[in-house]
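Below are the chains, spelled out letter by letter.
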Amino acid sequence: MEQPYVNITTEKGIATIEFFHPAHNSLPGDLLAKLANTITEAGNNDEVKVIILKSGGDRTFCAGASFNELININDPETGKVFFSGFANVINAMRKCPKFIIGRIQGKTVGGGVGVASATDFCMATKFAAIKLSELNVGIGPFVVGPAVERKLGLSAMSQIAIDANSFYEAEWARQKGLYNQVFDTLEELDEAVQKFAENLCNYNPEAMKEMKKVFWSGTEDWDELLAERAVISGRLVLSDFTKEMLKRFE
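Remember, predicted model here, so these are calculated numbers, not experimental data. All chains use their own residue numbering, which begins from 1 and follows the written sequence. Totals for whole chains, interfaces and linings use all residues, but because this is a predicted model, local features are given only for residues with pLDDT of at least 70 and pairs of side-chain atoms are given and counted only at 80 or more. Side-chain measures were taken over the full set of non-hydrogen atoms in the model, leaving aside hydrogen atoms and water.

Visitor: What exactly am I supposed to notice about unusual backbone geometry here?
Guide: For residues other than glycine, phi is negative in most cases, and the peptide bonds are mostly trans. If you check the backbone angles, Lys-12 has positive phi at about 50° while not being a glycine. Only DSSP runs of H or I covering at least 4 residues are called helices, and only runs of E covering at least 2 are called strands; the numbering of each starts at the N terminus. Looking at the element boundaries, Lys-12 is found in the loop between strand S1 (5-11) and strand S2 (14-20). Overall, the relative accessible area of 75% leaves Lys-12 in the exposed class. In this structure, His-24 takes a positive phi of about 55° despite not being glycine. Per-residue accessibility, obtained with a 1.4 Å probe over protein chains only, is compared with the maximum for each type, and a residue is labelled buried under 20%, exposed over 50%, and partly exposed between these values.

Visitor: Any chance you could explain a nonpolar patch on the surface here in plain terms?
Guide: What goes into a patch is any residue over 30% in relative accessible area without a salt bridge, connected to like charges within 9 Å or, for nonpolar side chains (Val, Leu, Ile, Met, Phe, Trp, Tyr), within 5 Å. Here the open area of atoms and residues is found with the Shrake-Rupley method and a 1.4 Å probe, where only the protein chains shown may cover a residue. Every case where a carboxyl oxygen of Asp or Glu lies within 4 Å of a side-chain nitrogen of Lys or Arg is listed as a salt bridge. Among the surface-exposed residues, Met-211, Val-214 and Phe-215 lie close enough to one another that they form a single nonpolar patch of about 290 Å² accessible area. Along the polypeptide, Phe-215 turns up in helix H9 (residues 205-215). Among the residues examined, Phe-215 registers a relative accessible area of 44% and is labelled partly exposed.

Visitor: I keep staring at the pairing of strand S5 (residues 99-104) and nothing clicks. Help me out?
Guide: Look at any regular strand and the pattern is simple: side chains alternate between the two faces of the sheet. Most of S5 is tucked away: six of the six residues are buried. Side-chain alternation along S5 places Phe-99, Ile-101 and Arg-103 on one buried face and Ile-100, Gly-102 and Ile-104 on a second face that is also buried. Pairing between two strands requires that DSSP report at least two bridges joining them. Examined bridge by bridge, strand S3 (residues 50-55) and S5 share four bridges and lie parallel to one another. Looking at S5, one finds that Leu-53 is bridged to Gly-102. In this sheet, strand S7 (residues 121-125) lies alongside S5 in parallel orientation, the contact comprising four bridges. When the bridges of S7 are listed, Arg-103 appears paired with Met-123.

Visitor: Help me out: how do you make sense of the environment of Ile-130 in this one?
Guide: Its place among the elements puts Ile-130 in strand S8 (residues 130-131). Each C-alpha atom of the pair Ile-130 and Ser-166 lies 8.4 Å from the other, and the pair is 36 residues apart in sequence. Setting aside its immediate chain neighbours within four residues, Ile-130 contacts Thr-108, Val-113, Leu-152, Ile-160, Ser-166, Phe-167, Tyr-168, Trp-172, Ala-173, Leu-178 and Tyr-179. It only takes one pair of heavy atoms within 4.5 Å for two residues to be counted as in contact.

Visitor: How do you make sense of the side chain of Thr-16 when you look at a structure like this?
Guide: Counting through the fold element by element, Thr-16 comes out in strand S2. Excluding its chain neighbours within four sequence positions, the residues that come into contact with Thr-16 are Asn-7, Ile-8, Thr-9, Ile-52 and Lys-54.

Visitor: How should the sheet that holds S3 be read in this particular structure?
Guide: By definition, the strands of a sheet pair up through backbone hydrogen bonds, in either a parallel or an antiparallel sense. The strand order across the open sheet built from six strands is S1-S2-S3-S5-S7-S9, with neighbouring strands paired in mixed fashion. Looking at strand neighbours, the two that pair on one side only are S1 and strand S9 (181-183), the edges of this open sheet. For this sheet, the mean inter-axis angle between neighbouring strands, taken without regard to orientation, is 20°. Of the pairings in the sheet, the one linking S2 to S3 comprises six bridges and is parallel in character. Helix axes are fitted only over the stretch in contact, all axes being lines through C-alpha atoms; the angle between N-to-C directions runs from 0 to 180 degrees.

Quick look at the structure:
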């Protein structure tokens, strides 16, 4: 069994951050914390001009939260801490002064949709369908909701949040503004991501930093907002309804 990891490599101004977990790249708390810290460090590194965010493997970008951890939450505080994991990653991406390019090679679910939404420019393959499955297990996409809504708009975010059983095709996600470009193959995606990142390295870092501030204006309260949302999810995950739903996944 391959071990979970978060790796960063930096070459010619491009920092590539890659996360991996053998369970379809689902993210437990320790991996989320490491991912948030790695993004923050790359943002503070003067040698880094642009960041590529990707996951290992060639099938699933991110299956969201770790079900094993979800099933074991037994008190509100643990629930809040667990759901704050994705909040911390999204906030690290939001505050990072460098543009983050998302490389989405395959399906992405729940929290993974939130991570994709928090990138500044997102490129995917045609296999990168999305699903907000939280309602399926008795909770809701509260923590990732603001990031997803910022990219897709309230109408499209509501649609996929309510229709929690359905995958929405990559082309749909492109039309709604989550993906900027969609490619037929992984090879084409990787080539385009690399080329795009190299091109961004030619631009004024100060200009990109100021642009990023402008693009994310209006989200200054997200530290508090996402923490509040984590409390809601933490409460719901303890409900009898959700506990029953989660038993199906044990």
